[in-house]
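The residues making up each chain are set out below.
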Amino acid sequence: MKMTRLLRIGMSAVGIAVVLAASAVRLSGPALSEAEGQQNTGVLIDNDDIGGVVAGANGPEAGVWVIAETTDLPTKFAKIVVTDDQGRYLIPDLPNANYSIWVRGYGLIDSPKVRARPGKILNLKAIAAPDAAKAAEYYPAIHWYSMLKIPNKSEFPGTGPKGNGMPEKLKSQGQWLAGVKTHGCISCHQLGNKPTRMISKELGEFNSTLDAWQRRVLSVQASEVMMRNLDDLEPKRALTLFAEWTDRIAAGELPASKPVRPQGVERNVVVTLWDWATPKAYLHDEIATDKRNPTVNANGLIYGSPEDSTDFMPILDPMRHRATEVKVPVRDPKTPDTMFIARSEALMLAPSPYWGTERIWRSQASVHNPMFDEKGRVWITTRIRPAANSAFCKKGSEHPSAKLFPVERTGRHLGVFDPKTSRFTLIDTCFSTHHLVFAEDANNTLWLSGGGSTGGILGWLNTKMFDATGDEQKSQGWTAFILDTNGNGKRDDYVEPNQPVDPAKDKRIVAGYYGIGVNPVDGSIWGSVLSFPGAVIRVNPGENPPATALTEIYEVPWNEPKAPVNGYGPRGGDIDRNGVFWTSLASGHLASFDRSKCKVVNGPTATGKHCPEGWTLFPLPGPQFQSMTDSGSAQSSYYTWVDQHDTFGLGRNVPIATGNLSDSLEALVEGKFITLRVPYPMGFHAKGLDGRIDNPKTGWKGKGLWSAYAGRATNHIEGGKGTKPKVVKFQLRPNPLAK
């Protein structure tokens, strides 16, 4: 890049104030020349940057966003930066195109869009919100969602239809909350954004807001799933609370809490967005590199997983700003459509105000999660056939794993895409797959979670063997979950899950991995268990995993008097280089579990509640529900990923949780959260992320985090119907004006 002009910045405080005041005066006058702009603002730009000062009626605006967006490139592109404490901004490294530039910030309304090209100084005028209601339109969803009234603790445990109406299976307020957060509603989309906090006219006319809500939950592509989640909560009670929430908002009630503008290092964040896929698709995850070596696939293509929405896997070329796709095949043409196999035609129960009766989601493969390997191939969890397993998986098989624990049915399997040949190889697994992660071992073992809490087994693939032989049967294995309850350090005869602990035997448990990670210290396999209060699980494979693997399970402290903070509801999780496991909790916490703190790890008492001392809970940023005082927040974090290799710039082993109700990622550094916000378009709902190092010699420019707009309701993203999912890249500059 060629520097257009150099300028000394060492001014006195008085001089800076005079310069900024002069700059602000000229905002409404003739455009500044490039040289005048740099002299007046102290912003140094190259020929591919746009910079200047943002000022409002009272002077420079600090901590607001400047957004540059263009449709001139092969796919829609935007870049977003934050102003410094003097209102200055610099948008770096813009592709050559015409851009719409505007200002967004808390306490403001969007400024008029100005057209500009890179290489220019552009001063902008911030527009103060005329009232509190207009300002609140730009608040993240969490501020609106925290207004929802929550059933009182006195209503639990439920006493059923003949008692207080609350289902008897609901034992606590926390269990109810988990159902309206990441164990239910917010696992798929935001609540509290504009499309959910109001009732659209397109839905129809109703006698009451409750009637409207009862109709609304029938009118989506996955309405059957929504009804199932509501049944777990008691539908009428839950929908009455949502209707009352909507009525209060319609009557003019505003959030009690206000978001804070970016502070400190948060102002150094650069956010880049690209469109990909189609408005009818949603994304579950993306992948940019190999987790073990984040220099793999440097500057390369980004791959997405569209789950149930389509069989076309989206691909982004971030260097050429081009989005393409490739169809994921199935092995058996009779592979059923959508994951809701038995009742797929009943999935949508009423017409949608967006799509009418059109079923926009159609997928046989249901690609859920991608992962790069050391060769630059993309491995995916994908369905390749109907659910009934092959004979080698079942009772009577000579397969080492099947002899010990036969498996009859499997919901999703495995595939690998080679970008060099553009070909898929499909792999039939006896175990269901959900998330996947490579071990740092000689066999490049691929470990796979099953997703649900009742899967009962952990599976793996020896990819070195598979590459050498192509034998999918010999290359795979699986194990049941056996606790060492007799405490002798090895696997023995065991009692079944429905039998009491026998101090002379081990015990099998029914659990299942959701998030999954490999401990780089000892090779053990860790993961989160989706249950209440939930748990983390550890498997030590041993020398012959089908027969030697031993399991440990550790419940999240819930109603534990010895625990300093109680929580519940793990969702996604990951492990750091020290072997500490991190997971997002529905209670509004980021939690860590450190096994080295445990006083007991096996024996007859080691059945889940035996190590509350291993847990540390950090309340996530954002307001708590207004009717609650418990630790935590209304935040509903879907996943946590650990930046083991400092791919972003905050350091090694930084856990980063998805802020699914706050359009953000939340990075925990030395006990404090740093919020990485995506202010435009509102509706950023991430289900995963990873970090890549494109060039270790170029500082912040060679690093970045990658994620995607992954909510199922793409039409809820700001812009509405027709909006495409986005790929998001986060970078961290040393200061807000770094180029």
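It should be noted that the structure appears before, not after, this text.
Residues numbered from 1 in each chain as written. Predicted model: local features only at pLDDT ≥ 70, side-chain atom pairs only at ≥ 80, totals over all residues. Heavy atoms only, no water.

Peer 1: Just to check I follow, could you spell out the overall build of the protein for this structure?
Peer 2: From N to C terminus, the protein includes 12 helices and 41 strands. Over its C-alpha trace the protein gives a radius of gyration of 26 Å, about what one expects of a compact globule, namely 27 Å for 739 residues. Here the C-alpha coordinates of the protein stretch approximately 85 × 65 × 55 Å along the principal axes. Of all 739 residues assigned to the protein, the portion counted as buried reaches 61%. The contacts in the protein between residues at least 6 apart in sequence include a share of 63% that link residues at least 24 apart. Total accessible area on the protein is roughly 28,100 Å²; 52% of this is exposed by carbon and sulfur atoms. Charge separation in the protein, taken as the distance between the mean sites of 84 positive and 75 negative side-chain charges, equals 3 Å. (Helix = DSSP H or I, 4+ residues; strand = E, 2+ residues; numbered from the N terminus. Rg over C-alpha atoms; globule rule 2.2 N^0.38 Å. Buried < 20%, exposed > 50% of the residue type's maximum accessible area, 1.4 Å probe, protein only. Contact = heavy atoms within 4.5 Å. Areas by Shrake-Rupley, 256 points an atom, 1.4 Å probe, with all protein chains shown as cover. Lys, Arg positive; Asp, Glu negative; His and termini not counted. Charge placed at Lys NZ, Arg CZ, Asp CG, Glu CD.)

Peer 1: Just to check I follow, could you spell out the sheet that holds strand β3 (residues 65-70) for this structure?
Peer 2: Adjacent strands of a sheet pair through backbone hydrogen bonds, lying either parallel or antiparallel. Taken in spatial order, the eight strands of this open sheet run β8-β6-β3-β4-β12-β41-β40-β39, and their pairing is antiparallel. Edge positions in the sheet fall to β8 (114-116) and β39 (689-693), since each has one partner strand and no second. Direction aside, the axes of adjacent strands within the sheet are offset by 25 degrees on average. Across three bridges, strand β6 (residues 99-104) lies against β8 in antiparallel orientation. By the bridge assignment, Tyr99 is partnered in β8 with Ala116. (Pairing = 2+ DSSP bridges. Axes fitted to C-alpha atoms, helices over the stretch in contact; angles between N-to-C directions.)

Peer 1: Any chance you could explain the state of the cysteines here in plain terms?
Peer 2: Should the sulfur atoms of two cysteines be covalently bonded, the bond is a disulfide. Across all of its chains, the model carries two disulfides by this definition. Residue pairing for Cys393: its cysteine sulfur links by disulfide to Cys430, the two sulfurs lying 1.9 Å apart. The sign of the S-S torsion, about -75 degrees, decides the handedness of the disulfide formed by Cys393 and Cys430: left-handed. Linking Cys393 in the loop between β18 (378-382) and α10 (400-404) with Cys430 in the loop between β20 (423-427) and β21 (436-438), this pair joins segments that are 37 residues apart in sequence. (Disulfide = S-S within 2.5 Å.)

Peer 1: Explanation requested: the sheet that holds β20 in the structure shown.
Peer 2: Taken together, four strands build an open sheet; the order of strands is β17-β18-β19-β20 and the sheet is antiparallel. At either margin of the open sheet sits one strand with a lone partner, and together these are β17 (370-372) and β20. In this sheet, neighbouring strand axes are inclined to one another by 25 degrees on average, regardless of whether the strands run parallel or antiparallel. Across five bridges, strand β19 (residues 413-418) lies against β20 in antiparallel orientation. Paired with Gly415 across the two strands is Leu426, which belongs to β20.

Peer 1: What exactly am I supposed to notice about unusual backbone geometry here?
Peer 2: Leaving glycine aside, a negative phi is the common case for residues, and trans is the common case for peptide bonds. Here the bond from Phe156 into Pro157 is cis, since omega is -5 degrees, no more than 30 degrees from zero. With respect to the secondary-structure elements, Pro157 resides in the loop between α4 (141-145) and α5 (173-180). Residue Phe532 is joined to Pro533 through a cis peptide bond whose omega torsion reads 0 degrees. One non-glycine residue, Asp646, adopts positive backbone phi at about 55 degrees. Along the chain, Asp646 falls in the loop between β35 (640-643) and β36 (654-659). Given the relative accessible area of 16%, Asp646 is considered buried.

Peer 1: Help me out: how do you make sense of the environment of Leu316 in this one?
Peer 2: As for its position among the elements, Leu316 is in strand β15 (residues 312-317). For Leu316, a relative accessible area of 0% puts it in the buried group. Spatially, the C-alpha atoms of Leu316 and Tyr303 are 6.6 Å apart, while their sequence positions differ by 13 residues. Once residues lying within four places of it in the same chain are set aside, the contact partners of Leu316 are Thr75, Trp274, Asp275, Trp276, Leu301, Ile302, Arg322 and Val727.

Peer 1: Sorry if this is basic, but what is going on with the layout of surface pockets here?
Peer 2: Over the atoms rolls a probe the size of a water molecule, and its path tells where empty space is left. Put simply, the second largest pocket is a space of about 680 Å³. Forming the walls of the second largest pocket are 38 residues, and the residues nearest its centre are His189, Val220, Met226, Ala713 and His716. At the level of secondary structure, the elements contributing two or more residues to the lining of the second largest pocket comprise α6 (194-197), α7 (209-216), α8 (223-233) and α9 (235-250). For the lining of the second largest pocket, the leading source of residues is α8, giving four residues. (1 Å grid on protein atoms, 1.4 Å probe; cavity = no way out; pocket = protein on both sides within 12 Å on 5 of 7 lines; lining within 4 Å. Points joined across faces, edges and corners; volume = space filled by probe spheres on them.)

Peer 1: Could you clarify how one ought to interpret empty space enclosed by the protein in this entry?
Peer 2: Per the counting criterion, the structure on display carries seven cavities of 30 Å³ or more. Empty space within the largest cavity amounts to approximately 320 Å³.

Peer 1: Teacher, can you tell me more about the environment of Trp144 here?
Peer 2: With respect to the helices and strands, Trp144 occurs in helix α4. The spacing of Trp144 and Met682 is 538 residues in sequence and 13 Å in space, taken between C-alpha atoms. When neighbours within four sequence positions are excluded, Trp144 is seen to be in contact with Ala136, Glu137, Tyr139, Gly192, Arg197, Trp245, Ile249, Glu253, Leu254 and Pro255.

Peer 1: Explain the nonpolar core to me, please; I cannot follow it from the model alone.
Peer 2: Nonpolar side chains in soluble globular proteins generally cluster together in the buried interior. Core analysis: the biggest nonpolar cluster contains 38 residues, and Tyr145, Leu148, Trp176, Leu177, Phe242, Trp245 and Phe625 have the highest contact counts within it. Where this core is concerned, the elements lending two or more residues are α3 (132-136), α4, α5, α8 and α9. Top element by residues in this core is α9. It accounts for seven residues. Leaving out residues up to four positions away in the same chain, Trp245 has contacts with Trp144, Tyr145, Met147, Leu148, Gly192, Thr196, Arg197 and Trp213. In this structure, Ile287, Phe431, Leu461 and Ile482 belong to the second largest nonpolar core, which totals 35 residues. (Core = buried A, V, L, I, M, F, W, Y, C linked by side-chain atoms within 4.5 Å.)

Any functional reading would require information beyond the geometric quantities listed.
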